[in-house]
Amino acid sequence: MEQTVSRRDAEAYELFMGRWSRPVADRFLDWLRAPTGADWVDVGSGTGVLVAAILDRSAPRHLLAVDASENFTDYARHRFSDPRLRIEQGDALQLPLAAESRDVAVSGLFVNTVTPMEKVLSEMRRVLRPGGLLGFYLWDYPSGGMGMLDAFWQAAAGIDAGAAQLSERHRFAGCDFAGLDRACRAAGLDPAIGLIDTMSEHEDFEAFWRPFTQADSPAKRYLDGLDPAGRAELRGALAQRLDHGGPIRLPARAWCVKAVLPQG
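Please read all numbers here as calculations on a predicted model, not as lab measurements. The numbers attached to residues start from 1 for each chain and follow its sequence in the written order. Local features are withheld for residues below a pLDDT of 70 in this predicted model, meaning they are given only at 70 or higher, and side-chain atom pairs are given and counted only at 80 or more; totals for whole chains, interfaces and linings count all residues. Note that the side-chain values use all heavy atoms of the structure and ignore hydrogens as well as water.

**Digging into the packing of helix α5 (residues 147–159) against helix α10 (residues 228–242)**
Right, so step 1: Axis definition: a line fitted to C-alpha atoms, limited for helices to the stretch in contact. Angles are taken between N-to-C directions and run from 0 to 180 degrees. Secondary structure is summarised from DSSP: a helix means a run of H or I of at least four residues, a strand means a run of E of at least two, and numbering begins at the N terminus for each. Their axes nearest at 9 Å, the elements α5 and α10 cross at an angle of 125 degrees. Of the possible angle classes, the one that applies to α5 and α10 is oblique. Pair α5 / α10 crosses with right-handed handedness. Between α5 and α10, the contacting residues are Ala151, Phe152, Gln154, Ala155, Ala156 and Ile159 on the first element and Glu233, Leu234, Ala237, Leu238, Arg241 and Leu242 on the second.
Right, so step 2: When residues are grouped by polarity, Ala, Val, Leu, Ile, Met, Phe, Trp, Tyr, Cys and Pro land in nonpolar, Asp, Glu, Lys and Arg in charged, and all others, Gly among them, in polar. Of the residues assigned to the contact of α5 with α10, the class counts are nine nonpolar, one polar and two charged. For classification purposes, an angle smaller than 35 degrees is called roughly parallel, one larger than 145 roughly antiparallel, one from 65 to 115 roughly perpendicular, and anything else oblique. Helix crossings are classified by the rotation of the near helix relative to the far one: an anticlockwise turn of less than a right angle makes the crossing left-handed, while a clockwise turn makes it right-handed. Residues count as neighbours in contact if any of their non-hydrogen atoms are within 4.5 Å of one another.

Laid out in structure tokens, this is it:
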């Protein structure tokens, strides 16, 4: 039963957020231009969206995927059977790697969850060999770049002003160009920073709404705290904004960051 719950939680995350990360992961790797035959680590690997892209596109010699969530690591172990991949449950601030043991260290939709971000960036830098490549991507939260989340919190704030403090715009205000540059430089990195624009497309309003009620997230926890009338009011406010009787298309814009360590 526990394994079933674990898988259900990971699949709910895939439906909620993982699927929108996939096109970003592909374009991120094209932009990163990592060498083939390299030793990689993916930090905060989640359900394996970036892992899958690396295995498909980047010809790694070895890839270590590290995530703190047992649900996610169990899901990923069932998802992948590639001999180049090892998956470990672990702390992003204490990676199970020796110093200077990897050629490429990457992370997708994760580094903003560590405060301050330079802590995890410094740990990723620690495990890189001289000349190694560090890269990550995350949603452009401050300007509403993850449109589905932004729409949810804007509707919630229209009913409950305090909900604005829970939004990604507020919680991740440092995920802009200046904040990312500052965090990288605090970790001893000289970054190149770009943007990747994609879309999240939902078949209809029900397909938009359902993942908010299933995947563990600040939005679901907010919904769980509402009484039935409050949930219905929020759903109605969102439907008024978004439901036009057909597909819903919203921006999914991500920052991508990379830095090459000095040689020697």
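**Quick look at helix α7 (residues 177–186)**
Right, so step 1: Think of it in three bands: with a 1.4 Å probe and only protein chains considered, a residue is buried below 20% of the maximum accessible area for its type, exposed above 50%, and partly exposed in between. Looking only at α7, the buried set comprises Gly179, Leu180, Asp181, Ala183 and Cys184.
Right, so step 2: For α7, the secondary structure elements touched by its buried residues are α4 (117–126), β5 (128–139), β6 (192–202) and β7 (248–260).
Right, so step 3: Positive backbone phi, at 80 degrees, marks Gly188, one or two positions downstream of α7.

**What about α10?**
It helps to recall that an α-helix has 3.6 residues per turn; residues three or four apart then point in one direction.
Right, so step 1: Its 15 residues give α10 an end-to-end C-alpha distance of 21 Å, which sits within 8% of 21 Å, the value for a rise of 1.5 Å per residue.
Right, so step 2: Where the residues of α10 are buried, they touch α5, α8 (205–209), α9 (218–224) and β7. What a helix should span is 1.5 Å times the count of its residues minus one.

**Some thoughts on the nonpolar core**
Right, so step 1: Throughout, nonpolar core names a set of buried Ala, Val, Leu, Ile, Met, Phe, Trp, Tyr and Cys residues whose side chains join them through atoms within 4.5 Å. Counting residues in hydrophobic clusters, the biggest one holds 89 residues, and the most contacted among them are Leu121, Trp139, Phe152 and Leu238.
Right, so step 2: Counting residues per element, this core draws most heavily on helix α1 (residues 2–32), at nine residues.
Right, so step 3: Contacts of Leu238, omitting those with residues within four sequence positions, involve Ala151, Phe152, Ala155, Phe205, Phe208, Trp209 and Asp243.

**Thoughts on the pattern of salt bridges**
Right, so step 1: In the sections that follow, a salt bridge refers to a side-chain nitrogen of Lys or Arg positioned within 4 Å of a carboxyl oxygen of Asp or Glu. In the structure shown here, the tally under the stated rule is 20 salt bridges.
Right, so step 2: As a salt-bridge pair, Arg185 and Asp181 come within 3.1 Å of each other at their nearest N and O atoms. With a gap of four residues between them, Arg185 and Asp181 both fall in helix α7, about one helical turn apart.
Right, so step 3: For Arg185, a relative accessible area of 45% puts it in the partly exposed group.
Right, so step 4: Residues joined by salt bridges that share partners form a network here, namely Asp39, Arg61, Asp103 and Arg129.

**A look at the sheet that holds strand β1 (residues 39–43)**
Right, so step 1: Paired strands, as defined in this entry, are two strands with at least two bridges between them according to DSSP. Ordered by their spatial adjacency, seven strands build an open sheet running β3-β2-β1-β4-β5-β7-β6, and the pairing between neighbours is mixed. Looking along the sheet, the strands with just one partner apiece sit at the ends: β3 (85–89) and β6. Across this sheet, the average inter-strand angle for adjacent strands is 20 degrees, counted without regard to direction.
Right, so step 2: Note that strand β4 (residues 102–108) and β5 share six bridges and pair parallel. Along β5, the bridge assignment pairs Arg102 with Leu128.

**Describing the state of the cysteines**
Right, so step 1: Disulfides are defined as pairs of cysteine sulfur atoms found within 2.5 Å of each other. All told, the structure shown has zero disulfides when counted by the stated rule.
Right, so step 2: Cys175 takes part in no disulfide bond, and the closest cysteine sulfur, belonging to Cys184, lies 11 Å away.

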